[in-house]
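Listed below are the residues making up each chain.
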Amino acid sequence: MSRVALVTGGSRGIGAAIAIALKNAGYTVAANYAGNDDAAAKFTAETGIKTYKWNVADYEASKAGIAKVEADLGPVEIVVANAGITRDAPFHKMTPEQWHQVIDTNLTGVFNTVHPIWPGMRERKFGRVVVISSINGQKGQFAQVNYAATKAGDLGIVKSLAQEGARAGITANAICPGYIATEMVMAVPEKVRESIIAGIPAGRLGEPEEIARCVAFLVSDDASFINGSTISANGAQFFV
Ligand code: CAA
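What you see is a predicted model; the values in this text were computed from it and never measured.

Each value, and the rule that gives it
- Residues numbered from 1 in each chain as written.
- Predicted model: local features only at pLDDT ≥ 70, side-chain atom pairs only at ≥ 80, totals over all residues.
- Heavy atoms only, no water.
- Near = heavy atom within 4 Å.
- Polar contact = N/O pair within 3.5 Å; in protein donor to acceptor, adjacent residues only side chain to side chain.
- Areas by Shrake-Rupley, 256 points an atom, 1.4 Å probe, with all protein chains shown as cover.
- Helix = DSSP H or I, 4+ residues; strand = E, 2+ residues; numbered from the N terminus.
- Nonpolar A, V, L, I, M, F, W, Y, C, P; charged D, E, K, R; others polar.
- Pairing = 2+ DSSP bridges.
- Axes fitted to C-alpha atoms, helices over the stretch in contact; angles between N-to-C directions.
- Buried < 20%, exposed > 50% of the residue type's maximum accessible area, 1.4 Å probe, protein only.
- Arc of directions from axis to C-beta.
- Contact = heavy atoms within 4.5 Å.

Caption draft 1: Region of the structure containing the site of the ligand. Residues in close proximity to the ligand total 19 residues, the closest being Asp88, Lys93, Ser134, Gln144 and Tyr147. In this structure, Asp88 approaches the ligand through a side-chain N or O atom, which is 2.8 Å from a nitrogen atom. Within the side chain of Tyr179, a nitrogen or oxygen atom sits 3.3 Å from an oxygen atom of the ligand. In isolation the ligand offers 1,100 Å² of accessible surface; the protein chains occlude 56% of this area. Those elements that place two or more of their residues in the shell around the ligand are helix 8 (183–186) and helix 9 (190–198). Of the residues belonging to the shell around the ligand, the class tally is 11 nonpolar, 6 polar and 2 charged.

Caption draft 2: A look at the sheet that holds strand 1 (residues 4–7). Taken in spatial order, the 7 strands of this open sheet run 3-2-1-4-5-6-7, and their pairing is parallel. The sheet terminates laterally at strand 3 (50–53) and strand 7 (230–233), the two strands that pair on one side only. Pairwise comparison of adjacent strand axes, ignoring direction, gives a mean angle of 20° for this sheet. Note: strand 4 (residues 76–81) against strand 5 (residues 127–132), 4 bridges, orientation parallel. Residue pairing in the sheet places Ile78 in a bridge with Arg128 of strand 5.

Caption draft 3: Local environment of helix 2 (residues 37–47). Along helix 2, the residues that are buried comprise Ala39, Ala40, Phe43 and Thr47. All buried residues of helix 2 project into a common sector of 100° when viewed along the axis, lining one side. Exposed residues lying more than 90 degrees from the buried face of helix 2 are Asp38, Lys42 and Ala45. Where helix 2 is buried, its residues touch helix 1 (13–24), strand 2 (28–33) and strand 3. Gly48 occupies a position one or two residues after helix 2 and carries a positive phi of about 75°.

This is the structure:
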């Protein structure tokens with residue numbers, strides 16, 4: 001029986017590339033999505049990967065969604081907390097609503113995703129948790145006080161989970177992608193995006209598959225002693 005992997009935000013962008021890479025590596029994959037039914041249906045039609053709709057910002061919905069995945073496919077042994085949103089604004093213009101939307105989805109969403117799965121991982125003495133953070137959690141970003149706070153928070157989450165899970169055969173790691181060619185980055189105004197790309201020594205945006213391959217490694221048996229780590233994949237834009 002192949003291991004079951006859940007990818008949140010898994011029907012588009014980096015999450016879709018991760019879901020596909022894990023399927024190609026032999027896992028049984030469930031891709032969660034929040035709202036875009038058309039994109040999810042298209043993704044399933046193209047890849048054969050089942051999609052499940054719930055809002056990661058809602059604990060009860062997450063718990064119920066994960067229970068459905070487990071009833072359909074079996075216990076989730078690999079979880080990739082990837083779902084995330086931006087609500088960019090300079091701090092003096094950022095509204096409490098923009099703050100809370102991003103915190104609820106990107107940070108509380110990680111808690112809501114991993115918490116229902118964690119007890120089963122502990123019982124079975126195996127688990128792989130990967131959280132998709134961001135370069136902007138490492139360096140901060142103009143107009144992203146909310147987003148950067150969540151992505152920095154992700155690093156605290158995995159470092160703590162790593163210590164709690166290590167003796168139960170569970171690893172928890174983060175990946176900090178740089179600027180990747182996804183809808184999220186394409187939504188940045190063109191002039192700003194061009195100046196960002198000019199600051200990337202690689203001279204280009206990353207590809208979602210370049211992040212997906214990092215995930216495929218971290219969840220494999222080969223990565224069993226890598227725990228609490230942060231992998232930066234940013235084309236040399238920033239070093240910690
Ligand atoms: N550094 C310094 N100054 C900056 C700046 C920057 N990076 N970006 C904008 N500014 C300046 C502008 O030049 C402008 O200055 P002036 O007032 O002197 O002209 C001011 O800040 C912006 O003021 P505006 O009133 O025009 O700002 P706005 O309310 O219209 O907001 C914005 C514009 C939201 C900041 C827009 O420029 C933007 O989206 N910037 C990109 C932010 C970004 O990089 N987000 C990352 C998204 S991708 C992602 O998040 C994925 C990942 O993990 C990497």
